[in-house]
Amino acid sequence: MIIVKSGSFRLAHRSMSNLRPQNWKALAPPIPNFARQPSTLPPLPLPPLPATLQRLKDSLRPLARSHQEYDSVCHKIDDFARPDGPGPILQQLLLQRKNERDNWLEEWWDDLGYLAYRDSVVVNVSYYYGFEPQPTHLPQTPAARAAAITRAAMLFRQNLRSGQLSPDVIKGAQLCMDTYRWMFDCCRVPGTQGVDWSVSHAASPNPHDHLGHVIVVRKNRFWKIKAEVGGEVAGMRDLISQFQYIYDHSTVEYPAIGVLTAHNRDTWAKDFARLSSIPQNAAIFREIHSSAFVVSLDDSTPPPENDVDVSRALWHGTLATPTNPTDVSRALSSRYVDKPLQFIVFDNSVAGLMGEHSVMDGTPTIRLCDELLGFLADPKSTFHLPSSASIVANPEPLDFDLTSISEIHGAIIKAQRFLYDLASSHSLSFLRTNYGKAAIKSFGVGPDGWAQMVVQVAYARLAARFGDENGRVTPWPVGTYEAATTRKFYKGRTETIRVVSNECVAFVRAMLGQSATRDEKVRLLRDVVKKHTQLAQEATIGEGVDRHMLGLRLSQPSSLSAPALFTDPLYTRSSHWTLSTSAVFSSHLGVYGWGEVVPDGFGVAYMTGFDGVSTMPHFDERKDTHVRMFLTTDYLQFTITSRVEMPNAEFTEEIGKAAEELYKLFAGSSNPCGSDNEGLNLKPKL
C-alpha cells in the first residue's frame, strides 16, 4: 500500500483495474432487513412457450401493414413452435438457465440493456428529476439548498444501511429491494473490454473511516465533505458551512475531469485507465466511488419558471446562450455521471437529480426523492439548523495529478465538444394539461391507459401530417414501449407493456375518422383502457412478450441456425420502439424525463398522479408562523424528447389537442376546467 499526500488530503492507494470481476454484483452486501428476500420472494417466472407466442401474435396483428405480412409472421411463429422446431429447444435451454440462477434474465439485462452499451450515458440512458423549490422555513441560499438535500438523503441512507427502511409494496405485496444495494456508496466503472460494471464499497470493514462522505463538484474541482461521522448525520448548520466553504473557495475553473465520464464509454475507459495509473488519481477515484453520492454545484441559472430550460439543464447541462456564448456545455463538466445518485444545485437554488440507470431503475430513486423532499417540506423535521454541535472539519479538495498525462487536456476538449454536439442534436418539449387524475377517474377510466391513448392519437395525427416528408415520421401504428415493474419477483426489474392492441387501433381510427359517434368513441376508449390494464397486469407478473423472446434468442447455441422468426420484418419492427414511454410519480417533483431510444422516435415521460389539491409549507410574515399553502395540482404532464430532425414541437402540440379531445368526449364541454375565460390551456413549452 502506498500513502500519497496532497496538502491535507491523505490517500491510501491500491491498484485499480479496468477488468470486471466475475462476481462483481455479489460484492454489494445485502440490506439487513431484506436479506431473506431470496427465499421469500418468488423467482422471475418463465412462461410456457405457447402462451408467449400467442401473446406475440396478438401484439403483431395491429402493427401489420397487410394481411400477407401478418400471415407470413404467423407462419414463422408456428414453424418456431413445432415440436421439432427451434422454439422448444431454446425453451428447454432457457429452463435450464432458470434452474441454475437466482434470476434467469439478470445478467443478460444488465449487460445488453446497459453495461455493454458504449454510447454516452448522457441523453441516451440517464434520467432526471426536477425538485420543488426549497421550503420557505429553510434558508434560501444555494449552500442551504445543497445542505438540506444532503442531510435528507444521508438520513435515508442511514435508515437503509441500518435495516430500518420499510419495503416497497404494491397492493399489499412486498417488492424486491435488491437494487437498493446500488443506491449509495457505489459507482459504475468503465471497462476496457466493452462492458462496464458497478463497484460497491458498502461492505467496508471500517465504515466510519471509509464511508459517510459526499463528493461535491464546483467549477470542475472535486471536494470531499464528511456528511456522517461516527454514525451521526451532520446537521444543516454544519453542512451549510461546508458547502459555503466550497462556494467561497471556488473562484477559478479546474480541468474538467468530470466531463470525461459522459463521453463514449470505450473512450472514457481508456481515459480512466490513463488517469488511474497515477496513485493520487486512483485514490481520488476510490473516494468518488465510495462516496454516498455526488452533489454538483452547477454555476448556471436555469429560470425556475421555464420547465424546458430546467429540464435541459438537468438532462445534459446548459448550452450556449447570448449570456453564455461558450461553444461547450460547461455544466456537464462539473458532474460525474457514473454515480447512481447525483444531486444538482444551480446557483439560483433550482435543484434536481440526475440518475445513472444501469443497475437501478427509477422506482427506488422516486421513493428516495419523495421521502427526501417530504422531509424537507415538513417544518417539524430535524434539520439541526442552529443547535447541533459541529462534528466535521472543512472540506478537502481532491485535485487530480495531470503533470505526466498532458494528453488528458486534449481528451477533455474532445469530450466537451462531443457533448455539446450530442445535446444540441436533441429537442425537448414540455406540456401540462388543465385536468388530470381526478377528472379522469371521475369518468371511470384509468389514468395510465388514458394518457397512453392521448399519445397514440397524437402520434397518428403527426404521422398523417409528416408521413410523406421523406419518411421522417414512421406511419402509425408503431412499436410503443411502456415499462412495467416486475419487482414482485426476486431481482425483477421491468417488462414491456406492448401498448398497441387491436382495441387501440379501433379507438384511434374512430378518433381520426368522421363516422363514429361520441358514444361509440367513449365505448372504444373504455375498451382500450380495459385492455391496456390487462396487458399491464400481465407484464407485472412476468407474462409479457419481450423479455421471454430475448431469453430465447440469447439461448441460441452456435450449432442451431437462426430461426426465421427472429429476422421477420414485422417481428423486428414491433420492437423498434418509435414511442418509448414511462410514468413515475411524486407530488414533490416538477420536471422529469430521459431520451428517445431510436433515432426516428420519441421519448415520452409522463405523470398522471396529480389529482386535485396539494399543500406546501409557506411562511406567513404577518403571523410569524408557518402555514399551509393550497395549490391546484390536477393535471397530466408530458415531456417529449427526440432528435432535432423530428417534429418534436408538432408532436407535443398534437398531444395537447388529443388530451383536449379525450376530455371533451366525456365532459361534453369546450370549457372542461370550469374557467370563465381560459378553457384548456394546452400550449406546449418548447
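That block above? That's the structure.
Because the structure is predicted, anything quoted here is derived from the model rather than measured. (Residues numbered from 1 in each chain as written. Predicted model: local features only at pLDDT ≥ 70, side-chain atom pairs only at ≥ 80, totals over all residues. Heavy atoms only, no water.)

Enquirer: Tell me about the overall build of the protein, and name the residues and values.
Expert: Of regular secondary structure, the protein possesses 20 helices and 24 strands. Counting only residues that meet the buried cut, the protein has 59% of its 686 residues in that class. For the protein, contacts bridging at least 24 residues in sequence account for 76% of all contacts bridging at least 6. Here the protein has roughly 27,300 Å² of accessible surface; of this, 51% comes from carbon and sulfur atoms. (Helix = DSSP H or I, 4+ residues; strand = E, 2+ residues; numbered from the N terminus. Buried < 20%, exposed > 50% of the residue type's maximum accessible area, 1.4 Å probe, protein only. Contact = heavy atoms within 4.5 Å. Areas by Shrake-Rupley, 256 points an atom, 1.4 Å probe, with all protein chains shown as cover.)

Enquirer: Which residues make up the side chain of T480, and what are the values?
Expert: Here T480 is to be found in strand β17 (residues 480-485). Judged by relative accessible area, T480 falls into the buried class, the value being 2%. Reaching out from T480, the side chain makes a polar contact with the side chain of Q456 at a distance of 3.0 Å. Here the side chain of T480 touches V478 through a polar contact of 3.1 Å, landing on its backbone oxygen. (Polar contact = N/O pair within 3.5 Å; in protein donor to acceptor, adjacent residues only side chain to side chain.)

Enquirer: If you had to explain the packing of helix α4 (residues 86-100) against helix α18 (residues 546-554) to someone new, which residues and values would you point to?
Expert: Running from amino to carboxyl end, α4 crosses α18 at an angle of 95°, the nearest separation of the two axes being 8 Å. Here α18 runs roughly perpendicular to α4, going by the angle between their axes. Contacts from L90, Q91 and L94 in α4 reach H548, G551 and L552 in α18. When its residues are assigned to classes, the contact of α4 with α18 shows 3 nonpolar, 3 polar and no charged. (Axes fitted to C-alpha atoms, helices over the stretch in contact; angles between N-to-C directions. Parallel < 35°, antiparallel > 145°, perpendicular 65-115°, else oblique. Nonpolar A, V, L, I, M, F, W, Y, C, P; charged D, E, K, R; others polar.)

Enquirer: Outline empty space enclosed by the protein, supporting the account with residue identities and numerical values.
Expert: Rolled over the atoms, a probe as big as a water molecule pinpoints where empty space is left. Applying the stated criterion across every chain yields a total of 3 cavities of 30 Å³ or more. Considering only enclosed or pocket space, the largest cavity measures out at about 200 Å³ in volume. In this structure, the largest cavity is lined by 22 residues; those nearest its centre are L44, N103, L105, T486 and R493. If one sorts the elements of the lining of the largest cavity by residue count, helix α5 (residues 106-115) sits on top with 3 residues. The residue inventory of the lining of the largest cavity, partitioned by class, reads 7 nonpolar, 7 polar and 8 charged. In this structure, the second largest cavity spans a volume of roughly 40 Å³. Surrounding the second largest cavity, S59, L63, V478, G479, T480, R498, V499, V500 and S574 form its lining. Among the residues forming the lining of the second largest cavity, the class breakdown is 4 nonpolar, 4 polar and 1 charged. (1 Å grid on protein atoms, 1.4 Å probe; cavity = no way out; pocket = protein on both sides within 12 Å on 5 of 7 lines; lining within 4 Å. Points joined across faces, edges and corners; volume = space filled by probe spheres on them.)

This is a description of form; function is not addressed.
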